[in-house]
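These are the residues of each chain, in order.
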Amino acid sequence: MTDQMPPAGPLTVGIDVGGTNIRASVVDGEGEVLDTVQAPTPHSAGALEDALERAVHELRRRHPIGAVGLAVAGFINPDRSTVRFAPHLPWQDTPVAQRLTQRLGLPVILEHDANAAAWAEYRFGAAAGGHNVVLVAIGTGIGAALLIDGRLYRGSHGVAPELGHLQVVPQGRACPCGKRGCWERYCSGTALADTAIEMLAIDPVRSTVLSRDVFRDPGSLTGRRVAGAAQDGDPIAVRAMADFARWLGLGLAFVSDIFDPDLVVIAGGVSSSAPLFLDEAREEYARAITGAGHRPLARIRTTQLGEAAGMIGAAELARAVLVDADPHSGRVAPTGR
């Protein structure tokens with residue numbers, strides 16, 4: 001029996017606080033997930049904080065934990081201590097970091113979930129070696145993060161960049177944010193299903209599979225179902241996926257005209273279907289970017305860390321507190337995997 005090497009750096013916990021579930025993982029200094037617990041997300045602030053405390057205590061029984069990071073889908077104040085608003089969580093203007101620090105007796109930091117995922121990819125995954133990096137997390141909607149010279153950019157008030165709500169179609173599809181024509185209404189899992197439904201309304205006989213699904217329950221069609229049908233060659237699903245790819249390429253061209261990144265990482269649930277759309281999206285991006293043919297193009301990659309990225313990134317940002325680094329600066333040198 002050989003001796004095992006101790007984990008690199010202090011162990012920390014990263015928690016993905018989602019609207020349906022909370023997932024908490026112990027992560028070492030190399031970005032490796034050592035242990036994970038999961039629980040349903042309660043609907044009141046007190047119950048949610050109780051659940052987070054239980055998850056950390058369960059992991060602390062098995063591992064020496066030094067700090068905790070939370071990845072939250074919502075607006076967080078600039079010093080990463082307070083959740084201003086999270087559409088699927090019961091926190092509003094809540095000093096979550098302070099409350100959990102008092103409960104746990106450990107340092108606790110907060111981070112927007114897309115920022116946490118981008119930091120994880122930069123340190124350990126697909127964005128390693130990038131300088132100016134955009135992460136686009138495509139799922140129900142679009143989340144986004146931006147690193148400039150290896151620093152997370154959060155804007156003046158902690159809410160940048162809301163790329164999913166760039167208006168790409170004036171007076172287009174209504175968006176839950178209150179605007180119309182947002183990018184995520186044409187380039188997301190939800191949008192993929194909506195596009196397929198619109199196409200079926202025009203030509204239902206082209207897709208017996210999706211037509212049957214919509215006839216039985218119009219609200220049951222999901223982006224995942226459309227992607228699966230496209231994989232099987234369904235004509236309507238293939239067309240819907242091509243439309244999705246076009247909007248992804250156009251959106252990335254807009255983003256590149258503003259930020260000029262050298263690297264784009266596509267994350268989120270839709271990224272698992274990348275073979276169905278990524279090549280077409282790259283081609284559209286190359287055509288649509290300003291100065292096409294006369295400037296370098298960003299490399300476009302898919303996530304390496306998948307759904308664990310938010311937890312890994314939150315844990316890594318929490319680790320910076322323990323090593324006396326600034327957890328908000330992003331000045332730690334990235335390492336490849």
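Residues numbered from 1 in each chain as written. Predicted model: local features only at pLDDT ≥ 70, side-chain atom pairs only at ≥ 80, totals over all residues. Heavy atoms only, no water.

1. Concerning the pairing of strand 8 (residues 108-112)
Turning to step 1, where the next piece is worked out: Burial analysis of strand 8 places five of its five residues in the buried class, which makes it a mostly covered element.
Turning to step 2, where the next piece is worked out: Here strand 8 shows a buried face lined by Val-108, Leu-110 and His-112 and a second buried face lined by Ile-109 and Glu-111.
Turning to step 3, where the next piece is worked out: Two elements, strand 4 (residues 68-72) and strand 8, share five bridges in a ladder whose sense is parallel. For Val-68, the partnering residue across the bridge sits in strand 8 and is Val-108. (Buried < 20%, exposed > 50% of the residue type's maximum accessible area, 1.4 Å probe, protein only. Helix = DSSP H or I, 4+ residues; strand = E, 2+ residues; numbered from the N terminus. Pairing = 2+ DSSP bridges.)

2. Some details on the packing of aromatic side chains
Turning to step 1, where the next piece is worked out: Taken as a whole, this structure holds three aromatic pairs when the rule is applied.
Turning to step 2, where the next piece is worked out: Ring centres 5.3 Å apart and planes at 35° place the aromatic pair Trp-119 and Tyr-122 in the tilted group. On the criterion of helical spacing, the pair formed by Trp-119 and Tyr-122 is a turn pair, its members being three residues apart in helix 3 (residues 113-124). Accessibility assignment for this pair places Trp-119 and Tyr-122 in one class, buried.
Turning to step 3, where the next piece is worked out: Ring centres of Tyr-186 and Trp-247 lie 5.0 Å apart, and the angle between their planes is 40°; on these two criteria the pair is classed as tilted. Linking Tyr-186 in the loop between strand 11 (151-152) and helix 4 (189-202) with Trp-247 in helix 7 (residues 235-259), this pair joins segments that are 61 residues apart in sequence. Comparing Tyr-186 with Trp-247 shows no difference in burial state: the two are buried.
Turning to step 4, where the next piece is worked out: The ring of Trp-247 carries the charged tip of Arg-246 above its face, separated from the ring centre by 4.8 Å. (Phe/Tyr/Trp six-rings, centres within 6.5 Å; stacked < 30°, edge-to-face > 60°. Lys NZ or Arg CZ within 6 Å of the ring centre and 35° of its normal.)

3. Quick look at unusual backbone geometry
Turning to step 1, where the next piece is worked out: With an omega dihedral of -5°, the bond running from Ala-160 to Pro-161 counts as a cis peptide bond.
Turning to step 2, where the next piece is worked out: As for its position among the elements, Pro-161 is in the loop between strand 11 and helix 4.
Turning to step 3, where the next piece is worked out: Positive phi, normally seen in glycine, also occurs at Asp-260, with a value near 50°.
Turning to step 4, where the next piece is worked out: According to the relative accessible area criterion, Asp-260 is partly exposed, its value standing at 46%.

4. Description of the packing of helix 3 against helix 9 (residues 309-322)
Turning to step 1, where the next piece is worked out: Between helix 3 and helix 9, the least distance of the axes is 7 Å, while the angle of their chain directions is 80°. The pairing of helix 3 with helix 9 is recorded here as roughly perpendicular in orientation. Packed against helix 3, whose contacting residues are Asp-113, Ala-116, Ala-117, Trp-119, Ala-120, Glu-121, Arg-123 and Phe-124, the element helix 9 presents Ala-309, Gly-310, Ile-312, Gly-313, Ala-314, Glu-316 and Leu-317 at the interface.
Turning to step 2, where the next piece is worked out: Taken together, the residues of the contact of helix 3 with helix 9 break down into nine nonpolar, two polar and four charged. (Axes fitted to C-alpha atoms, helices over the stretch in contact; angles between N-to-C directions. Parallel < 35°, antiparallel > 145°, perpendicular 65-115°, else oblique. Contact = heavy atoms within 4.5 Å. Nonpolar A, V, L, I, M, F, W, Y, C, P; charged D, E, K, R; others polar.)

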